[in-house]
Amino acid sequence: MMKPKLLVLTPRFPFNTIGGDRIRILHVCRALSAQFSITLLSLCEREEEMHLEPRDNVFSAIHRVLLPRWRSRVNALCALPGSRPLQIAYYDSQEFREAVRRLVPEHDMVVAHLIRTGHYLADIPGLHPPRILEMTDAISMNYQRMRAMPDNRSWKKWMYLFEQKRLEDYERSIVSCFDMVWLASQADRRFLDPQEAAPIRVIPNGTDLDALPFRPAAQGNAIVFIGNMVSLPNQDACHWFIRNVLPLVRRHAAVTFRIVGNAPPAVRRQFDAYENVVLTGRIEHIRDGMADAFCAVCPLRAAAGIQNKMLEYFALGLPCVTSQLGLGGVEARQGEEVLVFQNASEAAEQILALHGDRAMRMKLAHAARRLVESRYQWAGLYEAFRISAENVRANANRRTDGKDGITAAA
């Protein structure tokens, strides 16, 4: 029996899997490959991505459209005078639009990854197969938090001031164009849909425990932060921690701060200028950057959704000190699986307590590992995506049967 055909749209080629958004959509596709034959249609910003052959056999067919970064920047500049969010304009491609319209009728269901490709489906008039928006998080909520930081002097703050409201309006309206929307946390749902009127299902991010072996925190002197340093919230979090927390800790303990993650050259130069700070750059296995680490931190001041770094810390056995926003949608308990701080001095106190108390480190590490094993394993979350997708198909079939073979638009 042939599987139904699923079309997946992505704004960035999901290989190699750098960044939480690519990790999530690839796991979604792996989950749905059990019940669908999946076609990938992806934008690519580099020529080499057009020829990269994935090792993962998730997709039965792959179509790609080149959208170089210079073209995206021109798109965004042209959108400045209007009301269209720059997030949408940046990923606009007529060739991609034509490919969407050509491929959609050949498939039984479509999943759009993020609003960056969701708008291509929202723009298609008339009949269509059932559509799911894998939205992940509310970008406008993240922008709102970034613009509210009083000491954020980045030029991008002006972009957040300019873009946030029209992006929020767009995000809240686009969810009604889909049969189902997937988000990673309840906080994002409450922000976008306070009345809970939209067809939204919250399915959190997960961890791959086979790739994250449990090694309870060593008696070392390294504090670790995991994150893609292309991300401005990650950059801001590390700068804030280095300037406000690390000096307080170093008054009492000779610790170093290690940043593990991909970093552009300009960002690397910024962090290389700090004392007692090491930026590893991208490493193949995250666990290899944890040597001599006694704890991890997540001092984010702007965030949305679920932070994969939190789940990785928990899986690896690194007791974590986090801001409330860094904790995000992870349902961990203060003092049981995680330590949550309100200010720099409290963060320093918690880090020093962990540094001097092995029993405390072990308690948090084991409790956090049990949490991810029970609630945040990708293998366990696959079923949630499958059931949700199957319900969308079943509802669409019932509508079709009730309309003599014609499926109503969402």
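None of these values were measured; they are calculated from a predicted model.

Participant: An account of the packing of aromatic side chains is needed here, citing residue identities and associated values.
Facilitator: Taken as a whole and assessed by the stated rule, the structure comprises eight aromatic pairs. Ring geometry for Phe 241 against Phe 257: centres 4.6 Å apart, planes inclined by 40 degrees, an arrangement best described as tilted. Here the residue Phe 241 occupies a position in helix 9 (residues 232–244), and Phe 257 occupies one in strand 9 (residues 256–260), the gap between them amounting to 16 residues. Accessibility assignment for this pair places Phe 241 and Phe 257 in one class, buried. An aromatic cluster of three or more residues is present, and its members are Phe 13, Phe 15 and Phe 59.

Participant: Which residues make up the packing of helix 14 (residues 344–356) against helix 15 (residues 358–375), and what are the values?
Facilitator: Helix-helix packing is described using two parameters, namely the angle between the two axes and the distance between the axes. One way to put it is that helix 14 packs onto helix 15 with a least axis distance of 5 Å and a crossing angle of 105 degrees. Taken together, the axes of helix 14 and helix 15 are roughly perpendicular relative to one another. Every residue of helix 15 that contacts helix 14 at Ala 353, Leu 354, His 355 and Gly 356 is listed here: Arg 358, Met 360, Arg 361 and Leu 364.

Participant: Any chance you could break down the side chain of Glu 163 for me, citing the residues and the numbers?
Facilitator: If you trace the backbone, Glu 163 turns up in helix 7 (residues 156–174). Note on Glu 163: relative accessible area 1%, which makes it buried. Polar contacts involving the side chain of Glu 163 include one to the main-chain amide nitrogen of Leu 86, which spans 2.7 Å. Filtering out sequence-adjacent residues up to four positions away, Glu 163 remains in contact with Pro 85, Leu 86, Gln 87 and Tyr 143.

Participant: Residue-level account of the side chain of Arg 97, with values.
Facilitator: The topology assignment puts Arg 97 in helix 4 (residues 94–103). Looking at Arg 97, its side chain comes within polar contact range of the side chain of Gln 94, at 3.1 Å. In contact with Arg 97, other than residues within four places in its own chain, are Arg 84, Asp 92, His 119, Tyr 120 and Asp 123.

Participant: Summarise the sheet that holds strand 1 (residues 5–10); cite the residues concerned and give the values.
Facilitator: In space, the seven strands of this open sheet follow the order 3-2-1-4-5-6-7, with parallel pairing throughout. Each having just a single partner strand, strand 3 (59–66) and strand 7 (200–202) make up the two edges of the open sheet. Each adjacent strand pair in this sheet contributes to an overall mean axis angle of 20 degrees, direction not counted. Across seven bridges, strand 2 (residues 37–44) lies against strand 3 in parallel orientation. Along strand 3, the bridge assignment pairs Thr 39 with Ala 61. Running over the sheet, helix 4 touches strand 1, strand 2 and strand 3 and is turned about 170 degrees from strand 2.

Definitions and cut-offs
Residues numbered from 1 in each chain as written. Predicted model: local features only at pLDDT ≥ 70, side-chain atom pairs only at ≥ 80, totals over all residues. Heavy atoms only, no water. Phe/Tyr/Trp six-rings, centres within 6.5 Å; stacked < 30°, edge-to-face > 60°. Helix = DSSP H or I, 4+ residues; strand = E, 2+ residues; numbered from the N terminus. Buried < 20%, exposed > 50% of the residue type's maximum accessible area, 1.4 Å probe, protein only. Axes fitted to C-alpha atoms, helices over the stretch in contact; angles between N-to-C directions. Parallel < 35°, antiparallel > 145°, perpendicular 65-115°, else oblique. Contact = heavy atoms within 4.5 Å. Polar contact = N/O pair within 3.5 Å; in protein donor to acceptor, adjacent residues only side chain to side chain. Pairing = 2+ DSSP bridges.

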